[in-house]
Amino acid sequence: MQTRREFLKNTTVVAASGLTSADLTASGAAPAKRIGIQTYSIRRQLKQDMAGSLKALKDIGFSHVELYGYEQQAGKGSVLGYSPKDYRKILRDTGLEPTSSHLEPPLPSFYKFGDGGGTGKGERSIQIAAYTKENTGSILEFWKRALADHQELGVPVVVQPAMPQVNSLDDAKRVCEVFNQTGELARKAGMRWGYHNHSAEFKRIGVKRGEDWSPEMEITKDSYPSEIFYDFLLKNTDPGLVFFEMDVYWAVMGQCDPVAYFNRYPGRFPLLHIKDRDILGSTGFMNFENIFRAGYAKGGLERYYAELEYANPAGSSPLSQMESVRKSYEYLANAAFVK
Ligand code: MG
């Protein structure tokens, strides 16, 4: 089991203690809440004004961010069009600490389970092509470059947010092998590697008698017992190499209870994505109090990111995206159960 202390100890690059001067109140006594946000939440603003909209997050009160938008072209990495060096400077100038980053190997992608919580806007319910013997080498090369780029960015933790397609138990086993190998690359670089879910991970995988299982096949009494893919990942990855950043909203959308996972796999969830159907805490859809309490008590929760995936698509809300983010910050800042 990986404890909170171990997670931080293994994270050697930036602010390994998790504390900065911003954690201390004016009296220098009690630590203040550190509330983070996934920058995807303001993706439209970032495209219009990168430095200005990051500064707006700092002004709202966020202390740290999880990046999105890393990609490689012709062997060179960038974040939303900026070189690692330039993006690091932008972040440093805003005072936001970049604590992690979302990225995935550049395989063909599919919006296979884009249910979007019934909103029709499941734009990040993305899957990438299955991992195979043939593409494993290029996947690991991608991660080596990506880890080096994130060291240059000053980001100590990288997270994959897209599920490789799984059509058989062999596919599932290969995913776990590659995840372990990727985690090992990160460990050697003094960094940490984790996986972020959507809802497709909570579908069952299994083997039907005499043949490989595929999603189109019905599970019948003749099938071998099947397993939820997320559980398969948790059981078949090395806790010292692969951590889980649970997106609690997508777990619920997958009809699974985050609290049950914290109890079943203690210490595996140092990071969480805190998301609702709209502004955090505004819908009654998510029981964030139970999630935070069990996350701290059992899950190993160390750090969380607010995420707004659906708030204010054009025309649907009178609030600007940034106002939705501000109200979500206020919800977390005022919630007694959030540390
Ligand atoms: Mg998420």
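In the block above lies the structure referred to throughout.
Residues numbered from 1 in each chain as written. Predicted model: local features only at pLDDT ≥ 70, side-chain atom pairs only at ≥ 80, totals over all residues. Heavy atoms only, no water.

Q: So what exactly am I meant to see when it comes to the coordination of the magnesium ion here?
A: Octahedral metal centres with six donors ideally show angles of 90 or 180 degrees, and tetrahedral centres with four donors ideally show 109.5 degrees. Distances from the magnesium ion to its protein donors, His196 (NE2), Asp247 (OD), His273 (ND1) and Glu307 (OE), fall within 2.1 to 2.3 Å. Taken in sequence order, the residues that donate to the magnesium ion follow the motif H-x50-D-x25-H-x33-E. Taken together, the positions of His273 in strand β16 (residues 271–274) and Glu307 in the loop between β17 (303–306) and α11 (321–334) put the pair 34 residues apart, joining distant regions of the chain. In this pair, the class of His273 matches that of Glu307, namely buried. (Donors = N, O, S within 2.8 Å, 3.2 Å for Na, K, Ca; no water. Helix = DSSP H or I, 4+ residues; strand = E, 2+ residues; numbered from the N terminus. Buried < 20%, exposed > 50% of the residue type's maximum accessible area, 1.4 Å probe, protein only.)

Q: Teacher, can you tell me more about the side chain of Thr99 here?
A: Along the polypeptide, Thr99 turns up in strand β5 (residues 97–102). Within the structure, Thr99 has its side chain in polar contact with the side chain of Tyr305 (distance 2.6 Å). (Polar contact = N/O pair within 3.5 Å; in protein donor to acceptor, adjacent residues only side chain to side chain.)

Q: Explain the pairing of strand β10 (residues 192–196) here, please?
A: Looking along a regular strand, one sees the side chains alternate between the two faces of the sheet. The buried fraction of β10 is high, at five of five residues. Residue alternation in β10 divides its side chains into two sets, Arg192, Gly194 and His196 and Trp193 and Tyr195, and both sets are buried. With four bridges connecting them, strand β8 (residues 157–160) and β10 associate as parallel partners. By the bridge assignment, Val159 is partnered in β10 with Gly194. (Pairing = 2+ DSSP bridges.)

Q: Looking at this structure, how should I read the sheet that holds β16?
A: To summarise the sheet geometry, strands pair through backbone hydrogen bonds and adopt either a parallel or an antiparallel arrangement. Pairing within the closed barrel is parallel, and its eight strands lie in the order β1-β2-β5-β8-β10-β15-β16-β17. Geometrically, the sheet is characterised by an average inter-axis angle of 30° between neighbouring strands, direction not taken into account. Where helix α5 (residues 136–153) meets the sheet, it contacts β2 (64–67), β5, β8 and β10, and its direction lies at approximately 140° from that of β8. Strands β8, β10 and β15 (242–247) of the sheet are contacted by helix α6 (residues 169–188), whose axis makes an angle of about 145° with β10. (Axes fitted to C-alpha atoms, helices over the stretch in contact; angles between N-to-C directions. Contact = heavy atoms within 4.5 Å.)

Q: Can you help me understand the pairing of strand β3 (residues 70–73) in this one?
A: Inspection of the sheet shows β3 paired to strand β4 (residues 76–79) by four bridges, in the antiparallel sense. The residue bridging Glu71 from the neighbouring strand is Ser78, located in β4. With antiparallel pairing between neighbouring strands as the criterion, β3 and β4 make up a hairpin whose turn holds two residues, including Ala74 at a positive phi of roughly 50°.

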